Amino acid sequence: MKKAICLLMVFCIVCGLIGCKQKVDSKDNTPKKNEVLTDSKIESVVEDTPQYKDIVCRKSSEIKWQTIRFKEDFSGASIDVSIPSDWTIKKKDFASYNILRANKEIGRITTSHIPASKETFEYSTNKNKEKHMERFRQVNLYEKDGKDYFRRIFSFENTENDTGYDLFIMVDYEQLDDTAADKLYNSAASASPYVNTTFTPISKTNGSKRFLILGNSFIGTSQVGSFLNDMLMSSGSGYSVKAVSIGYANVTTFINDVNICNSIENGEYSYVFLCGFYSMQSANAVADMERICKKSNTQLVLFPAHNEGEASVKAAKDKFSHLTCVDWQGEINSLIDSGIHRSNFCIDDAHQHSTTLAGYVGAHMIYRGLFGKTPPKITEASPLSMTSVRSTLGSYVDKKSLERNGANFKGKVYDIE
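Predicted model only: the values in this text are computed from it and were never measured.

(A) Molecular detail of the pattern of salt bridges. Per the stated rule, a full pass over the model turns up 18 salt bridges. Here Arg137 ties to Asp182 by a salt bridge, and the two come within 3.0 Å at their closest N and O atoms. Of this pair, Arg137 sits in strand β7 (residues 133-144) while Asp182 sits in helix α3 (residues 178-187); the two residues are 45 residues apart in sequence, bridging distant segments of the chain. Accessibility expressed as a relative area gives 17% for Arg137, which makes it buried. Residue Asp182 is classed as partly exposed on the basis of its relative accessible area of 33%. Salt-bridge contacts for Arg390 lead to Asp398; the nearest nitrogen and oxygen are separated by 3.1 Å. Look at Arg390 and you get partly exposed, because its relative accessible area is 35%.

Below, the structure is given as structure tokens:
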């Protein structure tokens, strides 16, 4: 009897193990709606060469482009993205737009969710801290009216101000070849509403004909002061600038410098351009510098250098959004993103110090902000020649507006609720 009971128990255990294996083997590996796929999951999704590779797509060489903006009503945070100029964006409901080409619907733009699909291919993702952008892309197989279709899906999130909304662009696969898809995907950039570039007019300052730039070795290596002095002299403005470069300095360094603080309090400068946001402590110290400047009606301007901490720069911008910000850091990043190699702006050393070309950009920005026009050509007294600057920066040298990432945006703007 005991022997029979033992045999029965063994039989039950074996059956249980077989059942568990069947459950494991039958696990559904199909990606769920809105699921972010890991590399291991992607391998299980893409097994054979997918059919969409045979689809003839519209060539990038046939496409002209336009940049449009999607702006969230609540926060004002925006995403700029380039799309073919013959795409028409038409409002569908509070959270989505239809994409039309030649009056035919070819896709959709939404903030709500990604529709269900049968299979997912070519999933990839990246984070671009300099553009404040998180992105992913994929190709989906989906069913409509009993037929299978493929579409490209792009997702963009503006991470600069923690808005938390995603913008999804879904378009029929054949509307973009791989080169055009890359262009759309890589073009997306945040356009922060919190970069205040409105200058107090010189006529309303304390009357001093001198400006002051406070920073660390980045001010020295870039020679931004030399460029700005040359521009001011060439224009016959009657103004000049003093650039202070102290190694490893931050905002607190200047607060604790009695000579610098006394010179500001005595009204020796009409504007102070402040670098040095390397920690939350230095970002908060802006309040102390602002109090010092107010004693002589000196205008304080935030002027973050290229290697300063992203979080602390953002904290200073947000907390002191009433102050003018000449976003030197953001401007250099935008130029790099536009295709100009990083080595043109950063020295290959331990700290990636700013080059003289970066210094020209900083001086160009300050001049545009102060006088509302393009600065004059630099002379032989400058660290670089006008020819070498233009050969790298091109038409940038002719810019008049100061705003970063298109605060003076001229394209079409679509609201996101």
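(B) Structural detail: the sheet that holds strand β14 (residues 299-302). Read from one edge of the open sheet, 5 strands run β12-β11-β13-β14-β15, paired in parallel fashion. Lying at the two open borders of the sheet, with one neighbouring strand each, are β12 (240-245) and β15 (324-325). One ladder, built from 2 bridges, connects β14 with β15; its direction is parallel. Counted as the bridge partner of Leu302 is Cys325 from β15. Along the sheet, helix α5 (residues 224-235) contacts β11 (210-215) and β12; its crossing angle with β12, the most-contacted strand, is approximately 180°. Contacting β11, β13 (271-274) and β14, helix α9 (residues 286-294) crosses the sheet at an angle of about 155° to β14.

(C) Looking closely at the sheet that holds strand β3 (residues 88-93). Reading across the sheet, the 7 strands line up as β3-β4-β5-β9-β8-β7-β6 and stay open at both edges, with antiparallel pairing between neighbours. Each edge of the open sheet carries a strand with a single partner, namely β3 and β6 (119-128). For this sheet, the mean angle separating the axes of adjacent strands, direction not counted, is 25°.

(D) Here's a closer look at the layout of surface pockets. What the second largest pocket holds in volume is close to 410 Å³. Along its surface, the second largest pocket is lined by 16 residues, and Glu105, Tyr142, Lys144, Arg151 and Asp172 are the ones closest to its centre. Elements supplying a minimum of two residues to the lining of the second largest pocket: β5 (104-110), β7, β8 (147-158) and β9 (166-172). Tallying contributions element by element places β5 first for the lining of the second largest pocket, with 5 residues. A per-class count over the lining of the second largest pocket returns 6 nonpolar, 1 polar and 9 charged.

Definitions and cut-offs
Residues numbered from 1 in each chain as written. Predicted model: local features only at pLDDT ≥ 70, side-chain atom pairs only at ≥ 80, totals over all residues. Heavy atoms only, no water. Salt bridge = Lys/Arg side-chain N within 4 Å of Asp/Glu carboxyl O. Helix = DSSP H or I, 4+ residues; strand = E, 2+ residues; numbered from the N terminus. Buried < 20%, exposed > 50% of the residue type's maximum accessible area, 1.4 Å probe, protein only. Pairing = 2+ DSSP bridges. Contact = heavy atoms within 4.5 Å. Axes fitted to C-alpha atoms, helices over the stretch in contact; angles between N-to-C directions. 1 Å grid on protein atoms, 1.4 Å probe; cavity = no way out; pocket = protein on both sides within 12 Å on 5 of 7 lines; lining within 4 Å. Points joined across faces, edges and corners; volume = space filled by probe spheres on them. Nonpolar A, V, L, I, M, F, W, Y, C, P; charged D, E, K, R; others polar.

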